[in-house]
Number of protein chains: 4
Amino acid sequence: MSPSQPLWPYVTPGIRDDLFERLPGIPMSPREVRVLILAQLCLMPTSVLWDVGAGTGTIAVEAALRCPQGRVVAVERDGEVAGLIGRNGARFGASNIAVVEGNAPECLAEIQPLPDRICVESGRPIQAVLEQCWAYLQPGGRLVATTASLDGLYSVGGTLASLRALRVEVVQVAVNRLENRGQQQVFRAIDPIFVFSAEKVA
Amino acid sequence: MSPSQPLWPYVTPGIRDDLFERLPGIPMSPREVRVLILAQLCLMPTSVLWDVGAGTGTIAVEAALRCPQGRVVAVERDGEVAGLIGRNGARFGASNIAVVEGNAPECLAEIQPLPDRICVESGRPIQAVLEQCWAYLQPGGRLVATTASLDGLYSVGGTLASLRALRVEVVQVAVNRLENRGQQQVFRAIDPIFVFSAEKVA
Amino acid sequence: MSPSQPLWPYVTPGIRDDLFERLPGIPMSPREVRVLILAQLCLMPTSVLWDVGAGTGTIAVEAALRCPQGRVVAVERDGEVAGLIGRNGARFGASNIAVVEGNAPECLAEIQPLPDRICVESGRPIQAVLEQCWAYLQPGGRLVATTASLDGLYSVGGTLASLRALRVEVVQVAVNRLENRGQQQVFRAIDPIFVFSAEKVA
Amino acid sequence: MSPSQPLWPYVTPGIRDDLFERLPGIPMSPREVRVLILAQLCLMPTSVLWDVGAGTGTIAVEAALRCPQGRVVAVERDGEVAGLIGRNGARFGASNIAVVEGNAPECLAEIQPLPDRICVESGRPIQAVLEQCWAYLQPGGRLVATTASLDGLYSVGGTLASLRALRVEVVQVAVNRLENRGQQQVFRAIDPIFVFSAEKVA
């Protein structure tokens, strides 16, 4: 790779999973799920995105590449994981990612600027995280939250309803990938995930 | 909507389905499938995309918006549908779409410039369409083909293998959307689709 | 079909959908979902099954055929639909189905004998229906409830938890069928459904 | 478990996965897939089923329990796996399973009686296995074949077409199970499988 050629030179999101640095046990939104999360975020060129529970940092990186005039704040409680996000940002030349090591929702109070986009990938208690995120979200902004659990489905759905969020949508993504297995190619399922999206009244 | 505000001002693909003009019976890639097709296309800022069997034109429009310096050629045999693509392009302010009304693969010989990206959404005989498309595809270029049928799965897979395409991937997308139905919200399945992608040797 | 040959002479459940009489708008569990519901019911030869919100009656018919020494009570509020269930029972020679036309949960108080198996396919308010069904369910019995809605997922899950049900399982079934469409065979998705199952302490 | 109480006393198929003895690396059809395979087999009380590539033996066991007057022949090339099938049969009290250790299609010539039902769960070359199975299948009999691979999808579909099989159906089963993971319950996908079924002219 020449210095002038970035790792993901494309204008479409959907970075291949194997291009990211990973740590064992740290969750990562697979490409097929990630592109849907990004679609639901509806990023503007100048968006300020908070990525809460950023994990491997794949959403943060993709959003940063799409919004060179914008800013991404990745919030992650674990120090080692926070370092991973930073390295993944550097790997893709995304200079507009700030990594905040801290516990949501407490640490959110310190973060500036306020977001017009929020992605909540995890966090407990999820209700408190969502409520605080919603409070910081700018009018007209959008929030996307993902969950793979039944409890999460209950909590996120219930919390968004109580917040009087607009345009609430829920999509469940189930993707099968053809993978090599010995001499055969077999379809393997990616675990399904529910993607909630909602808009705050302007 | 003010004159200065485009219909899809966002930097992320994934235009809402209801923003497109539609014609009865004309297929449209739903948003969740479309974002994966676009991810697999890996568009460059200056890409030339041929969209063969463009239908409603949603891929053409999304690609054109991502590649303002690039060009999109939408190929469609039906005149009425070709008109629909043109109107959808205008609706989103995508001035870099050219619509070619004609039968693939015959009509492809006339099209300039040659593509570095091709999306084959339909076409019969699919094998001949793919082979011709592949011949026109620039070295190092990418081709994405979708199919919902068993015959298509056989034909596309077999043809790509015979063309010695690189990095062939197959992903099956199955998405459930929560939709309103009376007073309830129920999960409705979007019909599954297989997305093939492949790269031509540079 | 000779008089001596029943319509479904097989010992395995999974009657083809097109063998049932149907009424427009009346829901029917498709074969692929039905066999999973029956698996979760774990019917005994002498089981008494209450099928609440029986719709087209497919579960009632399949259960009756598996349990010739048992009894099936199909509960359905709509008179026309109740008639449909009766006709489907007769069609398959299932003489051990009784159809109760009435509103659950009120009408359940009249039904004898008490069930060791209950299938709740619909009903509102679902929480009250489930609680009453659970009260009538014999110790050691099993209850299966299906839902396609987000509200149903919340209500059924929450109610079973509050009832201290044992061995609660949730399975989401998503099936794609290859169907003829013009000259092609395309995969069509059956809308996904969540199947809850639970056991009452013995 | 008392001596008089069998391990699966139910009249419905769908034995819980954890009731089977397993060996590492030996494939097993999960319950949700198994009930659909059994539904497609349409077993008669006196059916003779050949289960080719029987793996853990779950289909053989379920079929044997449904058809006490019938016979199941489980064909398996690996001696250790053949032993596993025998133990699973004994475990469930299925005395009408015979295990044939041998390579299909060669070993099929020795097997008596001829089948009216065949389940092909694996085998290579799949085309030769299917063709030989079809030759042995009694007129009016049914064959079910499963595959998780793209090659298998091509081969099984193509072979059944060339055999002029009747009523060919293809169903893809995708199931998500709610599983415990730490303190949460998350949906996990079972890898999807394609189930072909076909009937031989009577």
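This report concerns the structure included in the present document.

What counts and how
Residues numbered from 1 in each chain as written. Chains lettered and ligands numbered in written order. Predicted model: local features only at pLDDT ≥ 70, side-chain atom pairs only at ≥ 80, totals over all residues. Heavy atoms only, no water. Helix = DSSP H or I, 4+ residues; strand = E, 2+ residues; numbered from the N terminus. Buried < 20%, exposed > 50% of the residue type's maximum accessible area, 1.4 Å probe, protein only. Areas by Shrake-Rupley, 256 points an atom, 1.4 Å probe, with all protein chains shown as cover. Lys, Arg positive; Asp, Glu negative; His and termini not counted. Charge placed at Lys NZ, Arg CZ, Asp CG, Glu CD. Contact = heavy atoms within 4.5 Å. Buried area = accessible area lost by both parts, 1.4 Å probe. Salt bridge = Lys/Arg side-chain N within 4 Å of Asp/Glu carboxyl O. Polar contact = N/O pair within 3.5 Å; in protein donor to acceptor, adjacent residues only side chain to side chain. Nonpolar A, V, L, I, M, F, W, Y, C, P; charged D, E, K, R; others polar. Least-squares fit on C-alpha atoms with pLDDT ≥ 70 in both. Core = buried A, V, L, I, M, F, W, Y, C linked by side-chain atoms within 4.5 Å. Pairing = 2+ DSSP bridges. Axes fitted to C-alpha atoms, helices over the stretch in contact; angles between N-to-C directions. Left-handed = near helix turned anticlockwise from the far one by under 90°. Right-handed = clockwise from strand over helix to strand, strands pointing away. Phe/Tyr/Trp six-rings, centres within 6.5 Å; stacked < 30°, edge-to-face > 60°. Arc of directions from axis to C-beta.

1. A few points about the overall build of chain A
For chain A, the helix and strand inventory stands at five helices and seven strands. When the helices and strands of chain A are read in sequence order from the N terminus, they spell out α-β-α-β-α-β-β-α-β-α-β-β. Taking the principal axes of the C-alpha coordinates as reference, chain A spans close to 50 × 40 × 30 Å. Taking all 202 residues of chain A together, the buried fraction comes to 59%. Summed over its atoms, the accessible surface of chain A is roughly 7,900 Å², and 49% of this surface lies on carbon and sulfur atoms. Of the charged side chains in chain A, 18 are positive and 20 negative; the average position of the first set lies 5 Å away from that of the second.

2. Looking at helix α1 (residues 31–41) of chain A
Residues and elements named next belong to chain A. With respect to burial, α1 is a largely interior element, eleven of its eleven residues being buried. For α1, every residue scored as buried is listed here: R31, E32, V33, R34, V35, L36, I37, L38, A39, Q40 and L41. Of the residues flanking the end of α1, it is C42, one or two places downstream, whose phi is positive at about 50 degrees.

3. Observations regarding the interface of chain B and chain A
With 35 residues of chain B in contact, the opposing surface of chain A contributes 35 residues. Across the interface of chain B and chain A, roughly 3,000 Å² is buried in total on both sides, 61% from carbon and sulfur atoms. Remark: the boundary between chain B and chain A carries two salt bridges. Counting the contacts that link chain B with chain A gives 13 residue pairs in polar contact (both at pLDDT 80 or more). Those elements giving two or more residues to the side of chain B that touches chain A turn out to be α1 (31–41), β6 (166–181) and β7 (184–199) of chain B. Its residues placed into classes, the side of chain B that touches chain A shows 22 nonpolar, five polar and eight charged.

4. Section: the relation of the copies chain A and chain C
When chain A is brought onto chain C, the operation consists of a screw motion whose angular component is 180 degrees and whose axial shift is 0.0 Å, with 0.0 Å RMSD remaining. Both copies of the chain, as the preceding transformation shows, are related through a two-fold rotation axis. Judged by C-alpha distance, Y154(A) is the residue of chain A that lies nearest the rotation axis, at 3.1 Å.

5. Overview of the relation of the copies chain B and chain A
Its rotation angle being 180 degrees, the transformation that places chain B on chain A also includes 0.0 Å of axial translation and leaves an RMSD of 0.0 Å. Here 100% of the interface residues in chain B have copies in chain A that are interface residues too; the copies meet face to matching face.

6. Examining the interface of chain A and chain C
At the junction of the two partners, chain A supplies nine residues and chain C supplies nine residues. Roughly 550 Å² is buried in total at the junction of chain A and chain C, and carbon and sulfur atoms are behind 68% of that figure. The tally of links from chain A across to chain C stands at three residue pairs in polar contact (both at pLDDT 80 or more). Looking at the side of chain A that touches chain C, the elements with two or more residues in it are α5 (150–162), β6 (166–181) and β7 (184–199) of chain A.

7. Description of the nonpolar core
Burial of nonpolar side chains together is a common tendency in soluble globular proteins. Counting 75 residues, the largest nonpolar core has L41(C) and L41(D) as its most contacted members. Top contributing element to this core by residue count: helix α2 (residues 58–66) of chain D, with six residues. Listed in part, the 70 residues of the second largest apolar core include F92(A), V144(A), V195(A) and A94(B).

8. As for the pairing of strand β4 (residues 117–120) of chain D
All names here are of chain D. The alternating pattern of β4 places R117 and C119 on one face and I118 and V120 on the opposite face, and all of these are buried. As judged from the four bridges shared by β4 and strand β5 (residues 142–147), these two strands associate in the parallel manner. Residue R117 lies in a different strand from β5, and its bridge partner there is R142.

9. Digging into the pattern of salt bridges
As a working rule, side chains carrying opposite charge can pair if their charged atoms are close by. Inspection of every chain in the model, using the stated rule, returns 44 salt bridges over all chains. Across the salt bridge formed by E199(B) and R167(B), the nearest N and O atoms sit 3.9 Å from each other. Taken as a pair, E199(B) in strand β7 and R167(B) in strand β6 lie far apart in primary sequence, 32 residues in all. Residue classification places E199(B) among the partly exposed positions, given a relative accessible area of 22%. With relative accessibility at 45%, the residue R167(B) sits in the partly exposed group. With its nearest N and O atoms 2.7 Å apart, the salt bridge here joins R177(D) to E32(D). Of this pair, R177(D) sits in strand β6 (residues 166–181) while E32(D) sits in helix α1 (residues 31–41), placing them 145 residues apart in sequence. Assessed through its relative accessible area of 3%, E32(D) is described here as buried. Salt bridges sharing partners connect three or more residues here, namely D17(A), E32(A), R34(A), E62(A) and R177(A).

10. Focus: the side chain of S197(A)
Within the secondary structure layout, S197(A) lies in strand β7. When near neighbours in sequence (up to four residues on either side) are disregarded, S197(A) contacts Q40(A), R142(A), L143(A), V144(A), R167(A), V168(A) and E169(A).

11. Some words on the packing of helix α4 (residues 126–136) of chain D against helix α5 (residues 150–162) of chain D
Residues and elements named next belong to chain D. Relative to each other, α4 and α5 sit at 35 degrees, their axes nearing to 9 Å. Considering the relative orientation of α4 and α5, their crossing is right-handed. Of the residues in α5, those in contact with I126, Q127, L130 and E131 of α4 are S155, V156 and T159. Residues belonging to the contact of α4 with α5 are distributed by class as follows: three nonpolar, three polar and one charged.

12. Considerations on the pairing of strand β2 (residues 71–76) of chain B
Residues and elements named next belong to chain B. Of all the six residues making up β2, five are buried; the element is thus mostly covered by neighbouring parts of the structure. Across five bridges, strand β1 (residues 48–52) lies against β2 in parallel orientation. By the bridge assignment, V48 is partnered in β2 with R71. In this view, the connection linking β1 to its parallel neighbour β2 by way of helix α2 (residues 58–66) has right-handed handedness.

13. Notes on unusual backbone geometry
A cis amide bond links Q112(B) to the next residue, P113(B), at an omega of -5 degrees. By the secondary structure assignment, P113(B) is in the loop between β3 (97–101) and β4 (117–120). Positive phi, normally seen in glycine, also occurs at C42(A), with a value near 50 degrees. Residue position: C42(A) is located in the loop between α1 and β1 (48–52). For R167(C), which is not glycine, the phi dihedral falls at a positive 50 degrees.

14. With respect to the side chain of R66(B)
With respect to the helices and strands, R66(B) occurs in helix α2. Among buried charged residues, R66(B) stands out as having no salt bridge; its nearest opposite-charge side chain is E62(B), 5.2 Å away. Of note is the side chain of R66(B), whose polar atom sits 2.9 Å from the backbone oxygen of Y10(B). Separated by 3.2 Å, the side chain of R66(B) and the backbone oxygen of V11(B) make a polar contact. Not counting residues up to four positions away in its chain, the partners in contact with R66(B) are V11(A), T12(A), W8(B), Y10(B), V11(B), T12(B) and P13(B).

15. Notes on the packing of aromatic side chains
What characterises a pair of aromatic rings is the spacing of the ring centres plus the angle enclosed by the ring planes. According to the stated counting rule, one finds 22 aromatic pairs over all chains in the structure shown. Seen in terms of ring centroids, W50(B) and Y136(B) are 5.6 Å apart; in terms of plane orientation they differ by 50 degrees. Their pairing is tilted. In this pair, W50(B) sits in strand β1 while Y136(B) sits in helix α4 (residues 126–136), placing the two residues 86 residues apart along the sequence. Across the pair, exposure class does not vary: W50(B) and Y136(B) are buried alike. Within the aromatic cluster, the residues linked to one another by ring pairs are F187(A), F194(B), F187(C) and F194(D).

16. Considering helix α4 (residues 126–136) of chain C
All names here are of chain C. Every buried residue belonging to α4 is among I126, V129, L130, C133, W134 and Y136, and all of these are buried. Along the axis of α4, the buried positions cluster into a sector of 160 degrees, meaning they face one direction only. For α4, the elements touching its buried residues are β1 (48–52), β4 (117–120), β5 (142–147), α5 (150–162) and β7 (184–199).

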